[in-house]
Amino acid sequence: MTATLIDGKAVAARLRQRLFEQTAALKDAHGLVPGLATVLVGDDPASEVYVRNKNKMAEALGFYSRSHHLPADAREEDVLTLVRALNADPKIHGILVQMPLPPQIREAAVLDALDPAKDVDALTPANAGLLLSGRAQLVSCTPMGVMLLLKEYVGDIAGQEALVIGRSLLFGKPAAQLLLAANATVTMAHSKSRNLPDLCRRADILVAAIGRPEFVQGDWVRQGAVVIDVGINRVQSNDGSSRLVGDVAFAAAAQRARAITPVPGGVGAMTIVCLMRNTLIAAMLAAGLERPEL
Ligand code: NAP
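Residues numbered from 1 in each chain as written. Predicted model: local features only at pLDDT ≥ 70, side-chain atom pairs only at ≥ 80, totals over all residues. Heavy atoms only, no water.

Relative to the assigned elements, Asp89 resides in the loop between α3 (76–88) and β4 (94–97). A distance of 2.9 Å separates the side chain of Asp89 from the backbone nitrogen of Lys91, its partner in a polar contact. Every residue in contact with Asp89, bar those within four places of it in the chain, is listed here: Arg66 and Lys118. (Helix = DSSP H or I, 4+ residues; strand = E, 2+ residues; numbered from the N terminus. Polar contact = N/O pair within 3.5 Å; in protein donor to acceptor, adjacent residues only side chain to side chain. Contact = heavy atoms within 4.5 Å.)

Right, let's talk about the site of the ligand for a bit. Around the ligand, the surrounding shell holds 21 residues, and the nearest of these are Arg167, Ser168, Ser191, Ile232 and Thr271. Side-chain polar atom of Ser191 to an oxygen atom of the ligand: 2.5 Å apart, as the coordinates give it. At a separation of 3.4 Å, a nitrogen atom of the ligand approaches a polar side-chain atom of Arg212. Within the complex, 72% of the 930 Å² of free accessible area of the ligand lies under protein. The residue makeup of the shell around the ligand, split by class, is 9 nonpolar, 10 polar and 2 charged. (Near = heavy atom within 4 Å. Areas by Shrake-Rupley, 256 points an atom, 1.4 Å probe, with all protein chains shown as cover. Nonpolar A, V, L, I, M, F, W, Y, C, P; charged D, E, K, R; others polar.)

It is a probe the size of a water molecule, rolled over the atoms, that shows where empty space is left. One number sums up the size of the largest pocket: a volume of about 1,300 Å³. Considering the residues around the largest pocket, the lining is formed by 46 residues, among which Tyr50, Thr142, Ile232, Gly268 and Thr271 are closest to the centre. Going through the elements one at a time, α2 (45–61), β4, α4 (107–113), α6 (141–153) and α10 (268–286) are the ones with two or more residues in the lining of the largest pocket. Looking at the lining of the largest pocket element by element, the count peaks at 7 residues for α2. Each residue belonging to the lining of the largest pocket can be placed in one class, and the counts come to 27 nonpolar, 12 polar and 7 charged. Taken as a whole, the second largest pocket holds about 430 Å³ of empty space. In terms of lining residues, the second largest pocket is bounded by 19 residues, among which Met144, Met147, Leu148, Lys151 and Arg277 are the most central. Elements that contribute at least two residues to the lining of the second largest pocket include exactly α6 and α7 (172–181). In terms of residue count, the dominant contributor to the lining of the second largest pocket is α6 (5 residues). (1 Å grid on protein atoms, 1.4 Å probe; cavity = no way out; pocket = protein on both sides within 12 Å on 5 of 7 lines; lining within 4 Å. Points joined across faces, edges and corners; volume = space filled by probe spheres on them.)

Turning our attention to the nonpolar core. Within the largest apolar cluster, 53 residues are counted, with the highest numbers of intra-cluster contacts made by Leu19, Leu150, Leu179, Val207, Ile228 and Met276. Residue assignment for this core shows that the elements contributing at least two residues are α1 (8–30), α2, α6, β5 (161–165), α7, β7 (205–208), β8 (226–229) and α10. In this structure Ile228 touches Ile6, Val146, Leu150, Leu206, Val207, Ala208, Thr261 and Val267, once residues within four positions along its chain are discounted. Ala37, Leu70, Leu101 and Ile105 belong to the second largest nonpolar core, which has 21 residues in total. (Core = buried A, V, L, I, M, F, W, Y, C linked by side-chain atoms within 4.5 Å. Buried < 20%, exposed > 50% of the residue type's maximum accessible area, 1.4 Å probe, protein only.)

Given below as structure tokens:
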């Protein structure tokens, strides 16, 4: 392997330390404690783990943390009532509704009910629009994590060709906006794109968020490119055990890339800590304090 490994765990640990210090300083100077509320509907085991980890990290940072768990057959109105109560709760600065929701609850209805100032996942149309307008306050966590990794490992990306594969609201669209705001020349690809290998071969920065194990082949990677693999896919090994792989064929890509994120330990390590970053920012903005440089 010739590529530098982009160590998401290390970058995330440093950000976590800065958040911890900033939280303590905020408490001392202003008596302000950032508050995060998580909302889980149903018993999906993976979602339960995600939510538990979010509450745990919030507590470890010194935040006020609260978890709400509704049954799988909860009505949409129950979720909306809870969200409205959290909107009005002055101790709560960030509200995280764990997706996906059971089919009887419309995600759009929940997002429409959520106060954009507390939307720490940055999924509401208001926050998406602010990002598009260059006035973002809260930015979607995984794309923010990617930008922080690029800042650390690449620095200035102005003028570079960036390709984002995937156009989800959660990742692809906000990631493209952030790369554009950082003056990259951005191309977005998706399932209907023609000649994906050729698009990849042009990219100085190749970002894959597809959800297909090792889909991007090593020889699609331009020599000296930076590869950001957002995918998290569980695959079965021959011996019956399972392991996580990304959307990029890592070993082959690492032969050509200048730098590459591993899976796990790359982008995924940044997401929860960026959620905490958003909660701290939301708390400071709600208190009329200047947005911190984090
Ligand atoms: P998603 O909503 O399913 O979107 C997948 C995107 O990939 C879609 O835009 C789709 O195109 C595109 N796509 C599918 N097949 C393709 C193909 N053959 N060629 C080109 N594009 C193709 O997924 P997501 O939520 O963005 O997540 C993507 C991956 O990132 C998943 O593995 C997920 O687990 C991972 N993820 C990780 C984190 C993290 O914390 N690290 C956070 C979020 C997501 P169309 O729009 O045309 O269908």
